[in-house]
Each structure stands twice: as structure tokens, then as C-alpha cells.
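# Observations on the three-dimensional arrangement
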Amino acid sequence: MLFTLKKYIGGMMLPLPLLLITIALGLALVWFSRFQKSGKTLITLGWFVLLLLSLQPVADGLLRPIENKYPTWQGNQKVAYIVVLGGGYTWDPDWAPSSNLINNSLPRLNEGIRLWLANPGSKMIFTGAAAKTNPVSTAEAGARVAESLGVPRSSIITLDSPKDTEEEAAAVKQAIGDVPFLLVTSASHLPRAMIFFEKQGLHPLPAPANQMAIAAPLNPWERAIPSPAWLMHSDRVGYETLGRLWQWLKGSSGEPGQE
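Here's a quick rundown of the structure. (Residues numbered from 1 in each chain as written. Predicted model: local features only at pLDDT ≥ 70, side-chain atom pairs only at ≥ 80, totals over all residues. Heavy atoms only, no water.)

Our next topic: the overall build of the chain. Each helix and strand counted, the chain has ten helices and five strands in total. Here the C-alpha radius of gyration of the chain, 20 Å, is about what a compact globule of 259 residues would show, namely 18 Å. Seen along its three principal axes, the alpha-carbon backbone of the chain occupies a region of about 70 × 45 × 45 Å. The buried share of the chain, taken over its 259 residues, is 42%. Relative to all contacts within the chain whose residues are 6 or more apart in sequence, the contacts with residues 24 or more apart total 69%. On the chain, roughly 13,600 Å² of surface is accessible, and the fraction owed to carbon and sulfur atoms is 64%. For the chain, the centre of its 22 positive side-chain charges and the centre of its 19 negative side-chain charges are spaced 6 Å apart. (Helix = DSSP H or I, 4+ residues; strand = E, 2+ residues; numbered from the N terminus. Rg over C-alpha atoms; globule rule 2.2 N^0.38 Å. Buried < 20%, exposed > 50% of the residue type's maximum accessible area, 1.4 Å probe, protein only. Contact = heavy atoms within 4.5 Å. Areas by Shrake-Rupley, 256 points an atom, 1.4 Å probe, with all protein chains shown as cover. Lys, Arg positive; Asp, Glu negative; His and termini not counted. Charge placed at Lys NZ, Arg CZ, Asp CG, Glu CD.)

Another point: the pairing of strand 3 (residues 156–159). Of the strand pairs in this sheet, strand 2 (residues 123–127) and strand 3 are connected by four bridges, and their pairing is parallel. In the sheet register, Phe-126 faces strand 3, and the bridge partner there is Thr-158. As for the winding sense of the linkage, the β-α-β connection from strand 2 through helix 6 (residues 138–148) to strand 3 is right-handed. (Pairing = 2+ DSSP bridges. Right-handed = clockwise from strand over helix to strand, strands pointing away.)

Okay, the sheet that holds strand 4 (residues 181–186) next. Spatially, five strands are ordered 3-2-1-4-5 in an open sheet, and the strand pairing comes out parallel. Unpaired on one side and paired on the other, strand 3 and strand 5 (204–209) mark the two borders of the sheet. Taking the axes of each pair of neighbouring strands and ignoring which way they run, one obtains an average angle of 25° across the sheet. The pairing of strand 1 (residues 81–84) with strand 4 spans three bridges and is parallel. Bridge pairing in strand 4 places Ile-82 opposite Leu-182. Seen against the sheet, helix 5 (residues 105–117) touches strand 1, strand 2, strand 4 and strand 5 and runs at an angle of roughly 155° to strand 4. In the packing of helix 6 onto the sheet, the strands contacted are strand 2 and strand 3, and the crossing angle to strand 3 comes to about 160°. (Axes fitted to C-alpha atoms, helices over the stretch in contact; angles between N-to-C directions.)

Printed below as a string of C-alpha cells:
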């Protein structure tokens, strides 16, 4: 119940829902009250912030400091385990297997397989419980896609009980103890994930995937025209900022916003 409530409340505090609520409140004031000036102010503020967060320079400028905490793993240290954290997924057997990993999940799996190939004899660990309406767990979906891409089932371990990152860290500790391992997750999520895993006394080696904040050259119009793609980058900033705040409130880290 607490997990579901956390998801609902957290979801409504992300940039797009929060700004739509702000604009809706402004419209309600304009149409149904005498507070016309306040209503117009809320509408203008909501529209302007939504515009800014939909522009590439703003969105990626906010996201880049979070993603740049850890570089792409190029180390030579050999490991026995590559842990790939769960993310968005569904499971439709009529689809191409990889189509079932949505948003951040497929880039995580791709990076996990790259690292598995660089560590012969290692095992991939997929984590994540099943969504309430899906009989296939997040971990099992990742395992099936990895298997379809050539990873033998004998090289895969699934941990399908954890519902969030904190529970994933505890499950990994129970499964492999305190041996070093590569921790693969989205670059924006990795700083928060490292805190949870290190708090368990584990020794994760950070392996970011799914970097989204673009520093390479872009066409001028891509930087100037608002896009849902850039708004999604701003959404990641909001999501991880809320996650770090929740982590701090639970006593899992020192200061909110500290990397």
C-alpha cells in the first residue's frame, strides 16, 4: 500500500503532471472565481516553465550533472556478476522480445550484455518484481530478452521479488554476498542506486547506461524547438530529485541533492 501511494504521489509531482495541475488551477480561477489576476499568473507560469523544460539546452543542462557522476565503464577489472536493474517493461509474446523492454530498460540490458561479453564466464543478474497486472516479472522479461540475444539461460540469475532499488540492493546481497560486481542502470539513476547498494555493505562498480543529456553537436532547430523528447529528460531530473529527497528523508544519505 505504501509503495503504491509513493508511486502515485511521486508521479503527480513530476514536471508534466505538476505543471498541468498548475495550469488547470489557473484556468479554474479565471473561469470560476474573481481571482482573475492570480489565475492568469498561474497559467502563464505553468506555460512558461513547461516551455523551458521542453527545450534541449535547459533539459540537458539540468540532467547532465546527474548523469556525469560516473563515466561509461571501460575498466579491466574482471567480475563474476553483472547486475542489471529493472525498469519499464511489459510482456506481449506476439512482439519482438526486445520491444517488451520500454523506456530505460533496453539500453540497460544492451550495456549489461556488452559487459557480460567482456567478462567470460560471468553471470547476468536481472532484478525486479512483476507489475500487478503482469504475470511476467521485470527480471524475467529482461532474462528472456537477453536469452533471445544469445545469453544462455545458465548465465542468467533472476531476482523477481524486489519492488524498488532499495529492495534490489538487499536481494543482490542475499544472492551473491559482498563480492565486487558491475552495477548497470541508467546514468541518471546510478548515483542514487550506488547509495542503496553501498549502504548494504556491497561493492558495486558503477556502469552507467542510457545516457540522455546530449553534449555533442545538434542541428540548430533541434535546440530551439520544444520537444517531448527534451521534456522526458526534464522528467528524469524531477524523478531522481524526488528519489534523492525520499532517500534523505529515510536516512539513506547525508544531504538531499548530495551526489
